Every structure is written in structure tokens, then in C-alpha cells.
Amino acid sequence: TEAPVIDLCPADREVLTSGNGTDDCTGDVPNLVDEVLAHDNCTAFEDLIITQNPLAGTDFGAAHGDVQIVVITVTDEAGNSSTCEVTLTLIDDEDPWVDCSSILETNLGTNNDKCAHLVSGTDLDPDFGDNCHAVLTHDYFPAPHLWTLNGAILPLGETTVTWTATDDNGNTA
């Protein structure tokens, strides 16, 4: 009638989004069964049944920092069981991307009878993305918004704008 004793439950750990490939915001639950040490008063270790739920290879998460609890169960030959839990935390280790090739017109004329160009619309904004979630900002601070050049007044001459995509884990491009 005695339940097995779990001597060593696998340690909590971080799981990287890149561990199951790229371009998604999930991680795979690792195989934790082989890390378990347990004993029982009647059943030899090699005869104990050790399982985990969810199973190894199961995808989890949808955002940086998501948590998955894995329940480890050790069962003896009499059907008595003990459990422990392992906390998995998803870490987004993949950089976002920024693509300025969609900005086709960069030789702009003046408009509105001023010696400047008033940006109207998003034609000067690049494409960007991330496997999880990212925001786009630029360093042209006279612009009314940090995520678009819409509404910015560009002076005569060359203006260099640096765009940065930053995801929830601080990865940048």
C-alpha cells in the first residue's frame, strides 16, 4: 500500500523557441522521464512505471514567458503512485526581422509649398515580423509617432532613418 518515493524530480527549466525549428512561438516538452530517480519498498526501480503528462515532443506556448507544467508520475507494480511537477518556461531566442526593400520611393520631392516633404501614409515604413511578437520603432524623433513615418516632415537633403524591431524578450533587428 506504500506509494513509491521520488528521490529526484527533474529540475524546472527554460525551453527555447528555436529548439523545435524556427519561425514559431512554441517549444517542445522535453523527455523528462529519464531524469527521474525513485524507489519503492516492493518494486525494483527498473520495474517502476514512470510517465509524464504532457508527453515529450508536445508543443506548448504562444508567447515569450509562457509556462507549461509537466506532471511526472511514478507507479509501482501494486498501482500505488507518486507525482512531482516540473515547470517549463518558454524563452523566445529568435530575432525579429526588418525588411526595407518594400520602400520603393526614396527620392522624395517637396510638397505642401514647403521646403520639406510631409510623409503621408506608410509607404516609407518597412515590413517587419517575429516568430512571437515584435514592435517596430525608428530613430527619427521629429516624427509624431515612433512606429511610423506617417506625418513626419523630412527636411531638404538626405535623412537617414534607422528602424528597429524588438520582441518581448528584447531580441532586436
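Check the entry above for the structure.
The structure reproduced in this document is the subject of the present report. (Residues numbered from 1 in each chain as written. Predicted model: local features only at pLDDT ≥ 70, side-chain atom pairs only at ≥ 80, totals over all residues. Heavy atoms only, no water.)

Concerning the overall build of the chain
Counting its secondary structure elements, the chain contains 0 helices and 14 strands. A compact globule built from 173 residues should have a C-alpha radius of gyration of about 16 Å, whereas the chain, at 27 Å, is more than 25% larger. Projected onto its principal axes, the C-alpha coordinates of the chain cover approximately 90 × 20 × 20 Å. Residues counted as buried form 33% of the 173 residues belonging to the chain. Taking as baseline every contact in the chain between residues at least 6 positions apart, the subset at least 24 positions apart corresponds to 63%. Approximately 9900 Å² of the chain is accessible, and the part contributed by carbon and sulfur atoms is 50%. (Helix = DSSP H or I, 4+ residues; strand = E, 2+ residues; numbered from the N terminus. Rg over C-alpha atoms; globule rule 2.2 N^0.38 Å. Buried < 20%, exposed > 50% of the residue type's maximum accessible area, 1.4 Å probe, protein only. Contact = heavy atoms within 4.5 Å. Areas by Shrake-Rupley, 256 points an atom, 1.4 Å probe, with all protein chains shown as cover.)

Topic: the layout of surface pockets
The calculated volume of the largest pocket comes to roughly 420 Å³. Looking at the largest pocket, it is lined by 19 residues, and the ones nearest its centre are Thr106, Leu108, Leu154, Gly157 and Thr159. For the lining of the largest pocket, the secondary structure elements donating two or more residues are β10 (116-118) and β13 (153-155). A per-class count over the lining of the largest pocket returns 10 nonpolar, 7 polar and 2 charged. (1 Å grid on protein atoms, 1.4 Å probe; cavity = no way out; pocket = protein on both sides within 12 Å on 5 of 7 lines; lining within 4 Å. Points joined across faces, edges and corners; volume = space filled by probe spheres on them. Nonpolar A, V, L, I, M, F, W, Y, C, P; charged D, E, K, R; others polar.)

Description of the side chain of His138
Looking at the secondary structure, you find His138 in strand β12 (residues 134-138). His138 sits in the buried class, given a relative accessible area of 4%. Excluding anything up to four places from it in sequence, His138 contacts Ala143, His145, Leu146, Trp147, Thr148, Leu149, Val161, Thr162 and Trp163.

Remarks on the pairing of strand β7 (residues 67-75)
Note: strand β5 (residues 49-53) against β7, 5 bridges, orientation antiparallel. Looking across to β7, one finds that Asn53 is bridged to Val71. Bridge count between β7 and strand β8 (residues 81-91): 9 bridges; the pairing is antiparallel. Note that in β8 the partner of Ile72 across the bridge is Cys84. (Pairing = 2+ DSSP bridges.)

Overview of the environment of Leu88
Summarising the element assignment, Leu88 is placed in strand β8. Looking at Leu88, the relative accessible area reads 0%, which means it is buried. When the C-alpha positions of Leu88 and Phe60 are compared, they lie 9.3 Å apart, and in sequence the two are 28 residues distant. Setting aside residues up to four positions removed in sequence, Leu88 forms contacts with Arg13, Val15, Val29, Pro30, Phe60, Asp66, Val67, Gln68 and Val70.

So, the pattern of salt bridges
Applying the stated criterion across every chain, the model contains 1 salt bridge. For Glu35, the salt bridge is made with Arg13, and the minimal N-O distance between the two is 2.6 Å. Within this pair, whereas Glu35 is found in the loop between β3 (27-28) and β4 (37-39), its partner Arg13 is found in strand β2 (residues 13-16), the two being separated by 22 residues in sequence. (Salt bridge = Lys/Arg side-chain N within 4 Å of Asp/Glu carboxyl O.)

With respect to the environment of Glu35
Note on Glu35: relative accessible area 30%, which makes it partly exposed. Beyond its immediate stretch of four places on either side in the chain, Glu35 contacts Leu8, Pro10 and Arg13.

Quick notes on the state of the cysteines
Tallied over the full model, the rule gives 2 disulfides. Between Cys9 and Cys84 runs a disulfide, and the two sulfur atoms are separated by 2.1 Å. An S-S torsion of about 85 degrees defines the bridge between Cys9 and Cys84 as right-handed. With a gap of 75 residues between them, Cys9 in the loop between β1 (5-8) and β2 and Cys84 in strand β8 connect regions that are remote in the sequence. (Disulfide = S-S within 2.5 Å.)

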